[in-house]
Amino acid sequence: KTEGRSRFAFFTPEMDLDVRSREEIYRELRVALADRDRQLELHYQPIYALEDGRMVGVEALLRWHHPDVGLVSPAEFVRSAEETGLIQVLGEWVLHRAVEDARAWPDLRIAVNVSPIQLRSREFVETVRRLVDEGHIVPDRLEVELTETALLGASGEVARSLSELRRLGVACALDDFGTGYSSLSHIRDFAVDRIKIDRSFVQALNTVPGAALVEAIVSLARANGLQLTAEGVERVDQYEFLKKVGCHEVQGYLLSRPLPAEKLVALLARRHGAGLDLPSRPV
Ligand code: C2E
Ligand code: MG
Ligand code: MG
Ligand code: MG
């Protein structure tokens, strides 16, 4: 009953958990996990290749339909989930759900955001291994996204998990690249396959240093044999600049917002694998 319109609501400052204590969020998140079929959902944001405009993958993004607050962005509760240990259960649910949903789009890569806490425990890699062994997913379709900030305090276990995942055939992307304590050593020290250029850099593309920075990131990544995805592409000029400088892939509201699984399936059916129709003018 509360579905329909509300599931497509934008995140606005009113809809947040700010007034709640960590304990309250913890309690409510536990309820959400027990009631996961109703309160939790994954949305999928399409990712497109700049070369030919084809959809090549999706990023799974967690949604919490909070009974009082409405739709809540993970930006607001993942920290709490990490601090209280709930991220383990939550993260496993995300992985299972994503792998299950992904059966409906067998040709697309699927990227899942993972907390370093998940990577620090043996269970995560074991879960992935089991899903792969049981044939629930072809490993090279799966990619885990990890933020740079997460790698900052990363232990040897995180590095080990990442190399084990790579041995399984699962790729790793460095999310929000350029924010936090960017360090080139992350690229060297961890088994990273892809860099995701943070939205803030894409937004700054119309400034001189902004454009130069993105060009520098692109050539750095390419020189190291890494794949590049730019996040938060909202305008045609950004899309075109990224294409011109040799970025590989893009995602952002210009192309598609994150969609519930059934909407993604409908979109795929409509496009029927056809290329992307970009609006002729910046939106
Ligand atoms: P992220 O991984 O960097 O995901 C991209 C965020 O940018 C998403 O926010 C997405 O909805 C938003 N976005 C995409 N295109 C555009 C655009 O063109 N313009 C603007 N303004 N925003 C755009 P979302 O879904 O609120 O997620 C926020 C963050 O929460 C994610 O950032 C990720 O770090 C984390 N997160 C999401 N799902 C999970 C999850 O399952 N597990 C964990 N541990 N973290 C998650
Ligand atoms: Mg991400
Ligand atoms: Mg990101
Ligand atoms: Mg981000």
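Per an unreviewed UniProt entry, the protein carries the name Bifunctional diguanylate cyclase/phosphodiesterase and comes from Novosphingobium soli.

A.B. asks: How should I be thinking about helix H11 (residues 208-223) in this particular structure?
C.D. replies: The terminal C-alpha atoms of H11, which comprises 16 residues, lie 23 Å apart, in line with the 22 Å expected from a rise of 1.5 Å per residue. Taken together, the buried positions of H11 are occupied by Gly210, Ala211, Val214, Ile217, Val218 and Ala221. One side of H11 carries all its buried residues, which in axial view fall inside an arc of 125°. Exposed and oriented more than 90 degrees from the buried face of H11 are Val208, Pro209 and Ala223. Tucked into the core, H11 has its buried residues touching strand E6 (171-177), strand E7 (194-197), helix H10 (199-203), strand E8 (227-230) and helix H12 (236-245).

A.B. asks: In this structure, what is going on with the coordination of the magnesium ion (ligand 3)? I would like to understand it.
C.D. replies: Ideal coordination angles are 109.5 degrees for a metal with four donors arranged tetrahedrally and 90 or 180 degrees for a metal with six donors arranged octahedrally. Coordination of the magnesium ion (ligand 3) by the protein involves Asp175 (OD), Asp176 (OD), Glu231 (OE) and Glu231 (OE), with metal-donor separations of 2.1 to 2.3 Å. Motif for the magnesium ion (ligand 3), donor spacing along one chain: D-D-x54-E. Between the magnesium ion (ligand 3) and the magnesium ion (ligand 2), a separation of 4.0 Å is found, and both are coordinated by Asp175. The class of Asp176 is partly exposed, set by a relative accessible area of 24%.

A.B. asks: Even after reading the chapter, I still don't get helix H8 (residues 156-168), so can you show me in this structure?
C.D. replies: An α-helix turns once per 3.6 residues; consequently, residues spaced three or four apart project the same way. When the terminal C-alpha atoms of H8 are compared, their 18 Å separation across 13 residues agrees well with the 18 Å that a helix rising 1.5 Å per residue should span. For H8, the set of buried residues is Val158, Ser161, Leu162, Glu164, Leu165 and Leu168. Mapping the buried residues of H8 onto a view down its axis gives an arc of 165°, with all of them on the same face. Here the buried face of H8 lies against helix H5 (116-120), helix H6 (122-133), strand E5 (142-147), helix H7 (148-152) and E6. Downstream of H8 by a residue or two, Gly169 has a phi angle that is positive, lying close to 105°.

A.B. asks: In this structure, what is going on with the side chain of Ser115? I would like to understand it.
C.D. replies: As for its placement among the helices and strands, Ser115 is situated in the loop between strand E4 (109-113) and H5. Given a relative accessible area of 4%, Ser115 falls into the buried group. In this structure the side chain of Ser115 is engaged in a polar contact, spanning 2.9 Å, whose partner is the side chain of Glu82. Beyond its immediate stretch of four places on either side in the chain, Ser115 contacts Glu82, Ile87 and Leu146.

A.B. asks: Quick question: what am I supposed to make of the packing of aromatic side chains here?
C.D. replies: Ring pairs (aromatic) are described by centroid distance and by the angle formed between their planes. On inspection of all chains with the given rule, the structure shows two aromatic pairs. Ring plane angle 70° and centroid distance 4.8 Å describe the contact between Tyr44 and Trp105, whose orientation is recorded as edge-to-face. On the criterion of sequence distance, the pair formed by Tyr44 in strand E1 (residues 40-49) and Trp105 in the loop between helix H4 (87-101) and E4 is long-range, its members being 61 residues apart. Across this residue pair, the class does not change: Tyr44 and Trp105 are buried. Centroid distance Trp64 to Phe77: 5.2 Å. Interplanar angle 85°. Geometry classified as edge-to-face. One end of the pair, Trp64, is in strand E2 (residues 55-66); the other, Phe77, is in the loop between strand E3 (70-72) and helix H3 (78-84), and 13 residues separate them in sequence.

A.B. asks: Can you walk me through the pattern of salt bridges in this structure?
C.D. replies: Here the structure, examined in full by the defined rule, presents 17 salt bridges. Residue Asp68 pairs with Arg20 through a salt bridge whose shortest N-O separation is 3.5 Å. Of the two residues, Asp68 sits in the loop between E2 and E3 while Arg20 sits in the segment before helix H1 (22-34), which places them 48 residues apart along the sequence. Since its relative accessible area comes to 19%, Arg20 is described here as buried. Of the charged contacts in the structure, one is a salt bridge between Arg97 and Glu100, with a shortest N-O distance of 3.8 Å. Taken together, the positions of Arg97 and Glu100, both in helix H4 and three residues apart, correspond to about one turn of that helix. One continuous salt-bridge network, built from bridges that share partners, spans Arg109, Glu143, Arg194 and Glu249.

A.B. asks: How do you make sense of the pairing of E2 when you look at a structure like this?
C.D. replies: The side chains of a regular strand alternate, first on one face of the sheet and then on the other. Taking burial as the measure, the twelve residues of E2 include eleven buried ones, the bulk of the element. Linking E1 to E2, which pair antiparallel, is a turn of five residues; within it Gly53 sits at a positive phi near 75°. Two strands pair when backbone bridges link them, and E2 and E4 are joined in this way by four bridges, in the parallel orientation. Counterpart to Ala60 in the pairing with E4 is Val112. By the bridge criterion, three bridges tie E2 to E3 in an arrangement that is antiparallel. Its bridge partner being in E3, His65 is matched across the sheet by Leu71. Hairpin connection between E2 and E3: a loop of three residues separates the two successive antiparallel strands.

A.B. asks: Is there a simple way to explain the pairing of E7 in this structure?
C.D. replies: Residue alternation in E7 divides its side chains into two sets, Arg194 and Lys196 and Ile195 and Ile197, and both sets are buried. In the sheet, E6 pairs with E7 via three bridges, with the strands oriented parallel. Paired with Leu174 across the bridge in E7 is Ile195. In this sheet, E8 lies alongside E7 in parallel orientation, the contact comprising four bridges.

What counts and how
Residues numbered from 1 in each chain as written. Chains lettered and ligands numbered in written order. Predicted model: local features only at pLDDT ≥ 70, side-chain atom pairs only at ≥ 80, totals over all residues. Heavy atoms only, no water. Helix = DSSP H or I, 4+ residues; strand = E, 2+ residues; numbered from the N terminus. Expected span 1.5 Å × (residues − 1). Buried < 20%, exposed > 50% of the residue type's maximum accessible area, 1.4 Å probe, protein only. Arc of directions from axis to C-beta. Contact = heavy atoms within 4.5 Å. Donors = N, O, S within 2.8 Å, 3.2 Å for Na, K, Ca; no water. Polar contact = N/O pair within 3.5 Å; in protein donor to acceptor, adjacent residues only side chain to side chain. Phe/Tyr/Trp six-rings, centres within 6.5 Å; stacked < 30°, edge-to-face > 60°. Salt bridge = Lys/Arg side-chain N within 4 Å of Asp/Glu carboxyl O. Pairing = 2+ DSSP bridges.

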